[in-house]
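The residues making up each chain are set out below.
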Amino acid sequence: YMSALLRPECGAQIAGQLSFVVAVAVSAAMDEVLADGHKKTLKWPNDILIDGKKCAGILLESGMAGAMVNWIAVGIGVNVLSAPEGAVCLQEVCKGRQVPIHPFRDVVLGHLSARYKHWREHGFADIRGEWLAQAHALNQPIKARLASSEFSGIFKGIDEKGALLLEQGPGKVLNITAADIIC
């Protein structure tokens, strides 16, 4: 696990996109060690799964200065050498070699730096596309569990801000900004 401090100086609506920036960066780093035959997917909003089991998670905590997000602490946890029950670690699915923690961290940070720079210079569209190409349960039935309710439907993707699009019938799509997803 590690934390990185970013200073996006943007509105809160846009700052939420950073969860996806981090997810595609960590995913790209995992691609460098993942053996063929394993499927890696990104589960909305902040998990990375390998063969349907959690391998990594991302948390964001932010600080505001007026209406602007001044800083975001990005917490990244990757099961590199071991995993809790029901999860998977990279060592189990690597290309037959050991996954050293510190060099892997540096690879993650390199990908994060590149994706963050791209996001700042070009916006969310490319990151969104990269995330959707790896989305877990895309076009599949899911449940979105909120604090006081639960919605079922088909996961249709994410919008330009990163909200989950849940189709509940013809012409009825909910934009969900925070929920636990059950696939």
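Residues numbered from 1 in each chain as written. Predicted model: local features only at pLDDT ≥ 70, side-chain atom pairs only at ≥ 80, totals over all residues. Heavy atoms only, no water.

1. Here we look at the nonpolar core
What counts, and what does not: To qualify as a nonpolar core, a set must consist of buried Ala, Val, Leu, Ile, Met, Phe, Trp, Tyr and Cys residues joined through side-chain atoms within 4.5 Å. When a residue's accessible area, from a 1.4 Å probe over protein chains only, is under 20% of the maximum for its type it is buried; when over 50% it is exposed; and in between it is partly exposed. Only runs of H or I of at least four residues qualify as helices and only runs of E of at least two qualify as strands under DSSP, and these elements are numbered from the N terminus. Any two residues having at least one pair of non-hydrogen atoms within 4.5 Å are treated as being in contact.
Counting residues in each nonpolar core, the largest one holds 54 residues, and the members touching the most others are V26, M30, W44, V78, L90, F104 and W131. When residues in this core are grouped by element, the largest group, 10 residues, is from helix α2 (residues 18–31). Apart from residues no more than four positions distant in its own chain, W44 is found in contact with F20, W131, I158, G162, A163, L164, I176, T177, A178, A179 and I181.

2. A short note on the packing of aromatic side chains
Selection rule: A pair of Phe, Tyr and Trp rings is counted when the ring centres sit within 6.5 Å of each other, with Trp represented by its six-membered ring. The angle between the planes then sorts it: under 30 degrees is stacked, over 60 is edge-to-face, the rest tilted.
Considering all chains together, one arrives at four aromatic pairs under this definition. Measuring from centroid to centroid gives 5.9 Å for Y116 and W119, while their planes differ by 25°, and the two rings are stacked. In this pair, Y116 and W119 both sit in helix α4 (residues 101–122), three residues apart, roughly one turn of the helix. Under the relative-accessibility criterion, Y116 is labelled buried at 13%. When the centroid spacing of 6.5 Å and the interplanar angle of 75° are considered together, the rings of W131 and F155 count as edge-to-face. With W131 in helix α5 (residues 125–132) and F155 in strand β8 (residues 150–158), the pair connects residues that are 24 residues apart, well separated along the chain. The pair formed by W131 and F155 is uniform in burial state, with each residue classed as buried. Three or more aromatic residues link up through ring pairs in this structure, and these residues are F20, F124, W131 and F155.

3. A short note on the packing of α2 against α4
Defined as follows: Every axis corresponds to a line fitted to the C-alpha atoms, with the helix fit spanning only the stretch in contact, and the corresponding angles, defined between N-to-C directions, vary from 0 to 180 degrees. Here roughly perpendicular refers to angles of 65 to 115 degrees, roughly parallel to angles under 35, roughly antiparallel to angles over 145, and oblique to all remaining angles. Crossing handedness: left-handed means the near helix sits turned counterclockwise from the far one by under a right angle, and right-handed means the same turn made clockwise. Gly is placed with the polar residues, together with every amino acid not listed as nonpolar (Ala, Val, Leu, Ile, Met, Phe, Trp, Tyr, Cys and Pro) or charged (Asp, Glu, Lys and Arg).
Close contact between α2 and α4 brings their axes to 8 Å; oriented N to C, the two are set at 140°. The angle between α2 and α4 places the two elements in the oblique class. Read as a crossing pair, α2 and α4 show a hand that is right-handed. Along its contact with α2, which presents L18, V21, V22, V24, A25, V26, A28, A29 and M30, the element α4 presents F104, V107, V108, H111, L112, R115, Y116 and W119. Looking at the contact of α2 with α4, its residues break down into 15 nonpolar, one polar and one charged.

4. Side note on the pairing of strand β1 (residues 2–6)
Note the cut-off: DSSP-based pairing: two strands are paired if at least 2 bridges between them are found.
Taking every second residue as pointing to the same face, the buried face of β1 carries M2, A4 and L6, while none of S3 and L5 on the other face is buried. In terms of strand pairing, β1 meets strand β6 (residues 68–78) through five bridges, oriented antiparallel. Bridge pairing links M2 to I76 in β6.

5. Things to note about the sheet that holds strand β9 (residues 164–169)
Read across the open sheet, the five strands follow the order β10-β9-β8-β7-β11; overall the sheet is antiparallel. Of all the strands in the sheet, the pair left with one neighbour each is β10 (172–176) and β11 (180–182). Within this sheet the neighbouring strands show an average axis-to-axis angle of 45°, counted without direction.

6. Notes on α4
What counts here: Helices are assigned an expected span. That span is 1.5 Å times one less than the residue count. Each C-beta atom gives one direction from the helix axis, and the arc is the one those directions make.
A rise of 1.5 Å per residue sets the reference length of α4, with its 22 residues, at 32 Å; its end C-alpha atoms lie 31 Å apart and thus fit the reference within 8%. Of all the positions in α4, only F104, V108, H111, L112, R115, Y116 and W119 are classed as buried. What you see down the axis of α4 is that its buried residues fit within an arc of 135°, all on one side. Every exposed residue of α4 that faces more than 90 degrees away from the buried side is listed here: H102, K117 and E121. Two residues or fewer after α4 comes G123, characterised by a positive phi angle close to 85°.

Keep in mind these numbers describe shape, not what the thing actually does.
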